[in-house]
Each structure stands twice: as C-alpha cells, then as structure tokens.
Amino acid sequence: MNETIKTILSRRSIRAYKQEQIKDEELQAILEAGKFAPSAMNQQSWHFTVVQNKELLHRINEACRVVFEKSDDERFKERAKDENFSVFYNAPTFIIISGDEKAIAPKNDCSLALGNMFLAAESLGIGSCWIHAVNYIFNVEETKSLKSDLGIPEGYTPLCSGAFGYKAAESPLPAPRKEGIVNILK
Ligand SMILES: Cc1cc2nc3c(=O)[nH]c(=O)nc-3n(C[C@H](O)[C@H](O)[C@H](O)COP(=O)(O)O)c2cc1C
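The structure presented is a predicted model; accordingly, all values stated were derived computationally and were not measured.

Reading guide: rules and limits
Residues numbered from 1 in each chain as written. Predicted model: local features only at pLDDT ≥ 70, side-chain atom pairs only at ≥ 80, totals over all residues. Heavy atoms only, no water. Near = heavy atom within 4 Å. Polar contact = N/O pair within 3.5 Å; in protein donor to acceptor, adjacent residues only side chain to side chain. Areas by Shrake-Rupley, 256 points an atom, 1.4 Å probe, with all protein chains shown as cover. Nonpolar A, V, L, I, M, F, W, Y, C, P; charged D, E, K, R; others polar. Helix = DSSP H or I, 4+ residues; strand = E, 2+ residues; numbered from the N terminus. Buried < 20%, exposed > 50% of the residue type's maximum accessible area, 1.4 Å probe, protein only. Axes fitted to C-alpha atoms, helices over the stretch in contact; angles between N-to-C directions. Parallel < 35°, antiparallel > 145°, perpendicular 65-115°, else oblique. Left-handed = near helix turned anticlockwise from the far one by under 90°. Contact = heavy atoms within 4.5 Å.

Asker: Would you mind going over the site of the ligand in detail, with residue names and values included?
Answerer: Taken together, Arg11, Arg12, Ser13, Arg15, Tyr89, Cys129, Trp130, Ile131, His132 and Arg177 make up all the residues around the ligand. One nitrogen or oxygen atom from the side chain of Ser13 is found 2.6 Å from an oxygen atom belonging to the ligand. Trp130 places a main-chain nitrogen or oxygen 3.4 Å from a nitrogen atom of the ligand. Notes on the ligand: free accessible area 620 Å², of which the protein chains cover 60%. When its residues are assigned to classes, the shell around the ligand shows 4 nonpolar, 2 polar and 4 charged.

Below you can see the structure in the form of structure tokens.
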C-alpha cells in the first residue's frame, strides 16, 4: 500500500489536542494542500480564515455554545451547559472555509479543500476534525457580527471548518465502515 493510501486510511477525527501550536511551515503545507483541491471550473471558490488567536477562538466557542443552547436536540443543550465546553476540543488552530456565493459549486469546492487539509495534516502527524456547529453562528442574531470581526470577505459564506493540532493521544480506532455500498458495473 502506498503512503498516500496509508494516510487516507489512518486519518481519524481527533477530539483531544495538545495546547502547543502547530509550526507555521506545517500550517502553510496544510493550506497549500487545501488550495490544490479540485474545484468546479477551477473557480477555487474558497477563502481560508485561520484562527490561532486565543480571544477569537474563545468568541467562536462561546458563539457555538449559544447555537447549542438554542438547539432542539437535548444532547447539544447538555453539552452547552458544560463549563469546559469546547466545540473544537481545545484545538489551537481552527480553519473556517468560506465559499464565494457567486461560484458554481462552493460547498463542494470548500469541502474538498478541507478534506485535502485533513489528509495533509495527518501526513504531518497533526490531528484534525470537522466542526459543523460553526456554520450556524453566522445566522444567529447575537453572534453574527463575528463574520466581519473574523475578516470573512463580503460575498463569501462560511461553509465548513476544521480543528487542527497535535494529537493529545493515539488516534482512535476507525469506526466500522458500511458494507454493501458499492456497485461495480463492468
Ligand atoms: C459534514 C461533517 C460534519 C461533521 N461534524 C462534526 C462535528 O461537529 N464534531 C465532531 O466531533 N465531528 C464531526 N464530524 C466528524 C465525523 O463525526 C467523523 O468523520 C465520523 O464519525 C467518522 O470518523 P473518522 O473521521 O474518524 O473516520 C463531521 C464530519 C463531517 C463530514
């Protein structure tokens, strides 16, 4: 099995991080991998916001807490009550990918960019996890000012985001993968 496939198979969603920040050159390699994702008609419809500032990370987390409190799902409401709540598991680097609203397929483009970033991170020994709640903070009245405070450009919508950092423990074992989901027609 080649190294690329090994990396794909060994990447796991990581939910515990060391506080030590990842190196700048590692961050640059991760961003470069994102930029080299395929995109519809090569529109490269993404914008990357890298948050490493502790105060901004705190504001994003508290905004997610508001979203969780307002959720109809009891599990999210419970999580919001935890005083140690961290939507991104205390990861030191958080990347939000916003899509150009005028592009053909920004959701697809941005998701592929984040997927590339996760794999690049894994290849460098860095953990990552998709964090979904962030998508909702820009629609909630109390927290929508964050979009301009984070410098997300006009005409771009935050579509996906991921936590990045050194893993605090070994990667978990993979969840079993579904069987019977392939149909090969020759
Ligand atoms: C669209 C999407 C949203 C996700 N949202 C979250 C999330 O908010 N929090 C989280 O801990 N994991 C999140 N995940 C990670 C999944 O739970 C994880 O990929 C899945 O359980 C399979 O585990 P693996 O990534 O280790 O293979 C998300 C993944 C995707 C693709």
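Asker: Quick one: what's the story with the environment of His58, residue by residue and with numbers?
Answerer: Tracing the backbone shows His58 in helix H3 (residues 54-70). Owing to a relative accessible area of 47%, His58 belongs among the partly exposed residues under this scheme. When the C-alpha atoms of His58 and Ile8 are compared, they prove to be 31 Å apart, with 50 residues separating the residues in sequence.

Asker: Summarise the packing of H3 against helix H4 (residues 74-81); cite the residues concerned and give the values.
Answerer: Where H3 meets H4, the axes come as close as 7 Å, and the angle between the chain directions of the two elements is 140°. It follows from the interaxial angle that H3 and H4 lie oblique. Relative to H4, H3 is oriented so that their crossing is left-handed. Contacts between H3 and H4 pair Arg65, Phe68, Glu69 and Lys70 from the former with Phe76, Lys77, Arg79, Ala80 and Lys81 from the latter. When the residues that make up the contact of H3 with H4 are grouped by side-chain class, the tally is 3 nonpolar, no polar and 6 charged.

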